[in-house]
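Topology and contacts: notes
The residues making up each chain are set out below.
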Amino acid sequence: MELSPNVAALQPSATIAVSTLARTLRSEGRDILDLSAGEPDFPTPAWICDAAVRGIREGMTRYTPAPGLPALRAAVAAGARAGGAHPEWAIESDAVVVSSGAKQALFNACFSLFGPDDEVIIATPYWTSYPEIVGLARASSVFVAGPEENGFRLTPAELDAVATDRTRGLILCSPSNPSGAVYSHEGLRAIAKWARERNVVLISDEIYRWIHFGDEEQAPGLLSLAPDEVGPFVVIDGVSKSCAMTGWRIGWSITEPALAKKLGALQSHTTSNAATPSQAAALAALTDAERTRGEIRSMVTAFRRRRDLVVARVREWLPHLSFIEPQGAFYLFLRVDGEYRDGVTDSTAWCSHVLEETGVAMVPGAAFGDDRYVRLSYATSDDILEEAIRRLAEDRAPLT
Ligand code: PMP
Ligand code: GLU
């Protein structure tokens, strides 16, 4: 059947594909150590699950308004104000649209803002879905990376080099999936200023904001800047990563109310509201903010310990491989192109070889726009991490 140009070039999500393959191989009896998963390995806190069950029993089983339960939108706005936003922001419910995951929030934003002839700059390495989502809006992605030694973080100089009069948007992710790099307030301010001066919409994906290993509890976010430092913007966030709620599918966008209205209208014709029981769960998480903070703290403590473990073991056992030192999220971006040889000449072949030889599943850097690297997720137990890196080290002989 002939396909519409809407989807002609669309590829399935590589991150989801690798995790699915790892699960399939394991179900076939293979000894798989899965470092591909892009989700916390912790269960959703029980009291958040209980809130959803209570909600269902109390009748939260019907449609809500398309942009979300009024109480949840208000809680998101309050959370943004309390979560390090500059005091001059007046974020209210009408700035918030609750969606079926941060992924849908990104889709709504790109589809509403960009179209044919528009260029969207994507900070590279990027999360695998950004270019596909930009492509679904029939806009073009323009990829640009900052200096590798600076964790690929961008500065206005790199943006100047790729901007054209067709540049409409810029997608940034901090803490970054896949590199774990985090922009400082100053770094973010410089990017925001650059975008504001050119009327470029800055889409700031802050889904990993709470998973931060720096001094501040949350990584710097766009709303921590003063409103007059920020031009047109969309902040993307949600409970998937911070509250270990990936399966509940609750994310949101925060933007100016006029655009939020359009995002809600788009959603009203596609998926309507995010699942109502899931909204009940997210509402509990945001309402009991102190309790949630405690949950996040204990998860971040584990992620930090694992980050330290992975960094130490890679340095010790794989000293010839360099990596970006993660400051947030739960990924290590490992540079492996020094090992490319006959038959193993790119990140996809490298990951397939390693999966075959060692059972360790990782995602090729090609999925994130940098074929020299692979992504390892440390959202798994210390034992699995240690064993996986040991197997990688023992497998070096065939490659080196
Ligand atoms: N942005 C980034 C950077 C991500 O890693 C993910 C992971 N799935 C998402 C957005 C989407 O989040 P969600 O599961 O809430 O759709
Ligand atoms: N974002 C996660 C990842 O990068 C989950 C999978 C996905 O949604 O792509 O692995």
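Note: the structure precedes this text.
Here is a short report on the structure shown in this document.

The end-to-end C-alpha distance of helix α3 (residues 70-82), which contains 13 residues, comes to 18 Å, matching closely the 18 Å that a straight helix rising 1.5 Å per residue would cover. Every buried residue belonging to α3 is among Leu 72, Arg 73, Ala 75, Val 76, Ala 77 and Ala 80, and all of these are buried. For α3, the elements touching its buried residues are β2 (96-99), β8 (251-255) and α9 (276-287). Just downstream of α3 lies Gly 84, where phi reads positive at about 90°.

In a pair of packed helices, the angle between the axes and the distance between the axes together describe the arrangement. It is at 10 Å that the axes of helix α4 (residues 102-113) and helix α8 (residues 257-270) come closest, and there the two elements cross at 110°. As summarised for this structure, α4 and α8 are arranged roughly perpendicular, according to the angle between their axes. Residue-level inspection shows Gln 104, Asn 108, Ala 109, Phe 111, Ser 112 and Leu 113 of α4 in contact with α8, the latter providing Leu 259, Leu 263, Leu 266, Gln 267 and Thr 270. Grouping the constituent residues of the contact of α4 with α8 by class yields six nonpolar, five polar and no charged.

Okay, the site of ligand 2 next. Close to ligand 2 lie Ser 13, Thr 15, Ile 16, Gly 38, Lys 103, Trp 127, Asn 177, Lys 241, Tyr 331 and Arg 375, which account for all nearby residues. In this structure, an oxygen atom belonging to ligand 2 sits 3.5 Å away from a side-chain N or O atom of Ser 13. A distance of 3.1 Å separates an oxygen atom of ligand 2 from a polar side-chain atom of Trp 127. Taken atom by atom, the bulk of ligand 2 overlaps the largest pocket.

Considering soluble globular proteins, one finds that nonpolar side chains tend to be buried as a cluster. In this structure, Ile 203, Leu 334, Trp 350 and Met 362 are the most contacted members of the largest nonpolar core, which totals 66 residues. The leading source of residues in this core is helix α10 (residues 289-317), at eight residues. Aside from chain neighbours lying at most four places away, what touches Met 362 is Val 18, Leu 35, Ser 36, Trp 350, Cys 351, Val 354, Val 374, Arg 375, Leu 376 and Leu 392. Counting 49 residues, the second-largest nonpolar core is a separate cluster that includes Ala 192, Val 200, Phe 233 and Val 235.

To continue, consider the pattern of salt bridges. Applying the stated criterion across every chain, the model contains 25 salt bridges. Glu 148 is the partner of Arg 335 in a salt bridge, and the nearest nitrogen-oxygen pair spans 3.1 Å. Here Arg 335 is found in strand β10 (residues 331-335), whereas its partner Glu 148 is found in the loop between β4 (140-144) and α6 (156-162), with 187 residues between them in sequence. Its relative accessible area of 23% is what places Arg 335 among the partly exposed residues. Owing to a relative accessible area of 25%, Glu 148 belongs among the partly exposed residues under this scheme.

Inspection of the secondary structure assignment puts Gly 343 in the loop between β10 and α11 (347-358). Residue Gly 343 is classed as exposed on the basis of its relative accessible area of 69%. Measuring from C-alpha to C-alpha, the distance between Gly 343 and Ser 298 comes to 43 Å, with 45 residues separating the pair along the chain.

Moving on, we come to the site of ligand 1. In the vicinity of ligand 1, 13 residues are found, and the nearest of them are Asn 177, Asp 205, Tyr 208, Ser 240 and Lys 241. Within the contact set of ligand 1, an oxygen atom lies 2.7 Å away from a side-chain nitrogen or oxygen of Tyr 208. Take Arg 249: an N or O atom from its side chain is 2.8 Å from an oxygen atom of ligand 1. About the coverage of ligand 1: the protein hides 93% of its 390 Å² of free accessible area. Taken atom by atom, the bulk of ligand 1 overlaps the largest pocket. Class assignment of the residues belonging to the shell around ligand 1 gives a composition of six nonpolar, three polar and four charged.

Right, let's get into the sheet that holds strand β9 (residues 322-324). In space, the four strands of this open sheet follow the order β9-β10-β13-β12, with antiparallel pairing throughout. Lying at the two open borders of the sheet, with one neighbouring strand each, are β9 and β12 (363-364).

Moving on to a nonpolar patch on the surface. Side chains of Leu 3, Val 7 and Leu 10 sit close together on the surface and give an oily, nonpolar patch of about 250 Å² of accessible area. Tracing the chain through its elements places Leu 10 in the segment before α1 (14-27). Overall, the relative accessible area of 36% leaves Leu 10 in the partly exposed class.

For the rest of this paragraph, the subject is the layout of surface pockets. Remark: the empty space left among the atoms is shown by a probe the size of a water molecule rolled over them. By volume, the largest pocket is sized at about 540 Å³. Together, 27 residues line the largest pocket, and Ile 16, Gly 38, Lys 103, Trp 127 and Lys 241 are the ones closest to its centre. Every element with two or more residues in the lining of the largest pocket is listed here: α1 and α4. If one sorts the elements of the lining of the largest pocket by residue count, α1 sits on top with five residues. Looking at the lining of the largest pocket, its residues break down into ten nonpolar, ten polar and seven charged. Of the volumes computed, that of the second largest pocket is approximately 450 Å³.

Rules of the game
For every chain, the first residue of the written sequence is number 1, and numbering continues from 1 onward in sequence order. Both sets of labels track the order of writing: A upward for chains, 1 upward for ligands. In view of the model being predicted, local features appear only for residues whose pLDDT reaches at least 70, and side-chain atom pairs are presented and counted only at 80 or more, with totals across whole chains, interfaces and linings using the full set of residues. Hydrogen atoms and water are omitted, and side-chain values are computed over all heavy atoms in the structure. Helix numbering and strand numbering both begin at the N terminus, where a helix is a DSSP run of H or I of at least 4 residues and a strand a DSSP run of E of at least 2. How far a helix is expected to stretch is found by multiplying one less than its residue total by 1.5 Å. Residue exposure (1.4 Å probe, protein chains only): buried if accessible area is under 20% of the type maximum, exposed if over 50%, otherwise partly exposed. Residue contacts are counted whenever heavy atoms from the two residues lie within 4.5 Å of one another. Here the axes come from fitting lines to C-alpha atoms, over the contacting stretch only for helices, and the angles between their N-to-C directions go from 0 to 180 degrees. For classification, angles of less than 35 degrees are called roughly parallel, those exceeding 145 degrees roughly antiparallel, those between 65 and 115 degrees roughly perpendicular, and all remaining angles oblique. For this classification, Asp, Glu, Lys and Arg are treated as charged, while Ala, Val, Leu, Ile, Met, Phe, Trp, Tyr, Cys and Pro are nonpolar and the rest, including Gly, are polar. We call a residue near a molecule or strand whenever a single non-hydrogen atom of that residue lies within 4 Å of it. Side-chain atoms alone can form a polar contact between residues adjacent in sequence; in general such a contact is a pair of N or O atoms within 3.5 Å, and within protein one must be able to donate a hydrogen while the other accepts it. Definitions used for this entry: grid spacing 1 Å over protein atoms alone; cavity, a set of points where a 1.4 Å probe fits but cannot get out; pocket, an open set with protein on both sides within 12 Å along at least 5 of 7 lines; lining residue, one with an atom within 4 Å of a point. What decides whether a molecule sits in a cavity or pocket is whether more than half of its atoms lie within 2 Å of the grid points. Side-chain atoms within 4.5 Å are what join buried Ala, Val, Leu, Ile, Met, Phe, Trp, Tyr and Cys residues into a set we call a nonpolar core. When a carboxyl oxygen of Asp or Glu lies within 4 Å of a side-chain nitrogen of Lys or Arg, that pair is called a salt bridge. Computed by Shrake-Rupley with a 1.4 Å probe, the accessible areas treat only the displayed protein chains as cover when residues are assessed. When DSSP finds at least two bridges between two strands, those strands are taken to pair. Each patch groups residues whose relative accessible area exceeds 30% and which form no salt bridge, using 9 Å between like charges and 5 Å between nonpolar side chains of Val, Leu, Ile, Met, Phe, Trp and Tyr. Grid points are joined across faces, edges and corners, and a volume is the space filled by probe spheres set on the points.

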